[in-house]
Amino acid sequence: MNRQAIGIPPGGKVNSVEHRIELAIGGMTCASCATRVEKKLNRLTGVTASVNLATETATVTAPAGVTVDQLIETVRKTGYTAAQAKAEATPVARDEAHDLRNRLLVSAALAIPVIVLAMVPAWQFTYWQWLSLTLAAPVVVYGGAAFHRAAWVNLRHGAATMDTLISIGTLAALGWSIWALFFGMAGEPGVRHGFSLTLERGAGTDAIYLEVAAGVTVFVLAGRYFEARAKRRAGAALAALADLGAKQVTVLESGGHEVVRPITELKPQDRFLVRPGEKIATDGVVEEGASAVDQSLLTGESVPVEVGPGDPVTGGTVNADGRLVVVATKVGAETQLAHIARLVSQAQSGKAEVQRLADRISGVFVPIVLVLAAGTFGYWWGTGGGLAAAFTAGIAVLIIACPCALGLATPTALLVGTGRGAQRGILIKGPEVLESTRTVDTIVLDKTGTVTTGKLAMIESSVDDEALRLAAAVEAASEHPIGRAIAAAAKRPLPAVTGFRSTPGLGVSGIVEGHEVRVGRAEFAGENTGPAATGQTVVTVAIDQRVRGQLVLADEIRPSSPAAIAALRGLGLRPVLLTGDNTAAAEKVAKAVGIDDVVAEVLPADKVDTVKRLQDEGRVVAMVGDGVNDAAALAQADLGIAMGAGTDVAIEAADLTLVRDDLMAAADAIRLSRRTLRVIKGNLFWALAYNVGALPLAAAGLLNPMIAGATMALSSLFVVSNSLRLRSFH
């Protein structure tokens, strides 16, 4: 759990001079690139950087003395481009995919005849090899230009990446073929080229590898193109969040004049108009009107929420039917929509521990492969295998070993998982959260506002409808929560009240339609009764000094809470109800929703102690809460989950935020996190198994370099496709 979420860093001292910077990094093609940039940035004094290949960003925490220009210059010296990331989506990803598609189409059209001629000896006409050279050379030079450029930049900086392997492999295959055609026997008329998955010993002067040079280039280009498309699709959730906000707003000026302005000119306390079908421009409070607001784009809930005067509304949601006048409370970067976008962006830019392991492996993998390829070449040549066989085995090792699938295993899954979570109203603050969800075995639930709605509601009545209508009319003039609950329980419209009077601690009274109405404690209404059931509020109604009955109110249990508790149990979690309310009230709620363990009558400090006690017992604890008094306990828990309607401090202290104000979302959040972690681990297993299993085959001469290139590209596509399955999470 990150204690910094509530402003308390690990030493207890507040570091106020650090600032967080997002950089967009250009030119990275593999995990080794990301590792190099990250290492260079982290060498700067006081800088902590995390570079994400999938999002092509660097998240940097730096002291005040380190400027953005210094960070950008450091990245440039490493051989890559950098710029401060902008909040809005940029067309760079589209341009990259478009360029890759063009190169892929041209290269594929030229390479297919080369591959077919090499694999089908019967079709090899006289001088076929020279046609193959004519078609293959542009594929390697034009199609593979990005690989060669990146390899050259890395070479100048004394580094080696996946592009180094691809560039050396394809250029070596092309160079060997040119030498064999011009100076060996391969260019003579009538020479035929057999195709085999295994190596054959021989001198090699009649062997050409044009199909390897062209085929590998095409397969890698195809992998890169589909990766670029996948990254665009995976990042669509964040782009959609950025596009949710309204672009213009109708501001009501003094005198009721309506003026349409850009959203950037809206200020707090401005009054603005929202017509049916329009997006609500920013966070605010309804001043006039009533309507149903569609919040599905933010919360994932399809049922619109009814709002009226005094109710808060969120920017980006849609006004379904009524005309609303709203007073702006938060604008720009302070809105809930902007906050959600920041949380999603931070989560996608971070790294889980499993990703850091993959990065460390990728960082040393390429140099090891270069040494292994040289060793393979030397072994085959030195043992009499022939120059051609030695060259083929060495090239196969270079190409099969590219660790691109390893570098994509974690970030693509994280990108898709957090994006899907945002669409469903689940915000994962950071990738380290995923590991926490796997080990959690106990979930502590705050009662008020989490298991219950936190609002009083009438659950029982012994008065007739007419008496309830008159009582509600009097209570409608009161601001007390009991009054609001009674007023909400009666049918509309309510009659007017005169002579309203509130007696603190006792009740309210007034004249309605000529009747004297008193609502409150039994003694206030003129009746002596026994004590109310613990955890409930009983109100007596008297009309014209005659008691007409009683109304029973209680904190209403969320309709979804019983099913949510069952779902949490199904995930292997033991629920514990934690509340400051009295024991009897807590046990009644616990029984209603299916919780066996209850900790009641606790102060905010005691909530922290309760979490600590459970942890001391060896349990891994998740905590769900929504109030300021829950923030410390959320920070103490191994996994903190904040209800979206809760306070800002609770949301900041949590690891997961549920925009949907529904406990069932907690179970969904844990399921999504665990599923994302499973996908990451599956990706890493197959990526590592592919490299570890294929390298010995290549070194032993059992793989043709072109087949190696195809399978290498397919491994990357498998990782990306497996990650995209998270888009179907419900």
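Rules used in this analysis
Residues numbered from 1 in each chain as written. Predicted model: local features only at pLDDT ≥ 70, side-chain atom pairs only at ≥ 80, totals over all residues. Heavy atoms only, no water. Pairing = 2+ DSSP bridges. Helix = DSSP H or I, 4+ residues; strand = E, 2+ residues; numbered from the N terminus. Axes fitted to C-alpha atoms, helices over the stretch in contact; angles between N-to-C directions. Left-handed = near helix turned anticlockwise from the far one by under 90°. Contact = heavy atoms within 4.5 Å. Nonpolar A, V, L, I, M, F, W, Y, C, P; charged D, E, K, R; others polar. Core = buried A, V, L, I, M, F, W, Y, C linked by side-chain atoms within 4.5 Å. Buried < 20%, exposed > 50% of the residue type's maximum accessible area, 1.4 Å probe, protein only. UniProt positions renumbered as here; feature names shortened; annotations may be inferred. Salt bridge = Lys/Arg side-chain N within 4 Å of Asp/Glu carboxyl O. Phe/Tyr/Trp six-rings, centres within 6.5 Å; stacked < 30°, edge-to-face > 60°. Lys NZ or Arg CZ within 6 Å of the ring centre and 35° of its normal.

Thoughts on the sheet that holds strand 18 (residues 507–512)
The six strands are arranged 16-21-20-19-18-17 in an open sheet whose pairing can be described as antiparallel. Looking at strand neighbours, the two that pair on one side only are strand 16 (452–461) and strand 17 (498–503), the edges of this open sheet. Neighbouring strand axes in the sheet, compared pairwise and without regard to direction, differ in orientation by 20° on average.

Here's the deal with the sheet that holds strand 1 (residues 19–26)
Working definition: the strands of a sheet are paired by backbone hydrogen bonds and lie parallel or antiparallel to each other. Strand order in this open sheet of four strands is 2-3-1-4, and the pairing throughout is antiparallel. In the strand order of this sheet, the two ends are held by strand 2 (48–52) and strand 4 (81–84), each with one partner. For this sheet, the mean inter-axis angle between neighbouring strands, taken without regard to orientation, is 25°.

Section: the packing of helix 5 (residues 145–156) against helix 6 (residues 162–183)
As a packed pair, helix 5 and helix 6 sit with axes 8 Å apart at the nearest point and diverge in direction by 115°. As helix 5 packs across helix 6, the resulting crossing turns out to be left-handed. Residues F147, H148, A150 and A151 of helix 5 touch helix 6, and the partners they reach there are D163, T164, I166, S167, T170 and L171. For the contact of helix 5 with helix 6, a count of residues per class yields five nonpolar, four polar and one charged.

Here we look at the nonpolar core
Ranked by internal contacts, the top residues of the largest apolar core, which has 53 residues, are I208, Y209, L210 and I400. Looking at this core, the elements with two or more residues in it are helix 3 (92–119), helix 4 (128–143), helix 6, helix 7 (210–234), helix 11 (353–382), helix 12 (387–400) and helix 24 (664–699). The leading source of residues in this core is helix 7, at 11 residues. If we skip the residues at most four places from it in the chain, Y209 touches A173, W176, S177, A388, F391 and T392. Formed by 47 residues, the second largest nonpolar core is a distinct cluster that contains I428, I595, L656 and F729.

Concerning the environment of I680
With respect to the secondary-structure elements, I680 resides in helix 24. On the basis of relative accessibility, which here comes to 0%, the residue I680 falls in the buried class. Measuring from C-alpha to C-alpha, the distance between I680 and L434 comes to 10.0 Å, with 246 residues separating the pair along the chain.

Focus on the side chain of E22
The residue E22 is located in strand 1 in this model. The buried category is assigned to E22, whose relative accessible area is 17%.

What to know about the UniProt feature "transmembrane region" (unreviewed entry) in the chain
The feature "transmembrane region" (unreviewed entry), as given by UniProt, occupies residues 104–124, 130–152, 164–187, 207–226, 361–381, 387–416, 683–700 and 706–724 in the numbering adopted here. Segment residues 683–700 splits into 94% helix and 0% strand. End C-alpha atoms: 26 Å apart.

Notes on the pattern of salt bridges
Counted under the stated rule, the structure contains 15 salt bridges. Note that E258 and R275 form a salt bridge whose closest N and O atoms lie 2.6 Å from each other. Here the residue E258 occupies a position in strand 6 (residues 258–262), and R275 occupies one in the loop between strand 7 (271–274) and strand 8 (283–288), the gap between them amounting to 17 residues. Using a relative accessible area of 32% as the deciding quantity, one classes R275 as partly exposed. The partner of R271 in a salt bridge is E288, and the shortest N-O contact between them spans 3.6 Å. Residue R271 is located in strand 7, and its partner E288 is located in strand 8; the two are separated by 17 residues in the primary sequence. A residue is classified by how much of its surface remains accessible, and R271, at 27% relative accessible area, is partly exposed. One connected set of salt bridges, linked through shared partners, spans E258, R275 and E278.

Description of the packing of aromatic side chains
Taken as a whole and assessed by the stated rule, the structure comprises five aromatic pairs. Ring centres of F685 and W686 lie 5.1 Å apart, and the angle between their planes is 80°; on these two criteria the pair is classed as edge-to-face. Above the plane of the ring of Y142 lies R103, whose end atom (NZ or CZ) is 4.6 Å from the centre.

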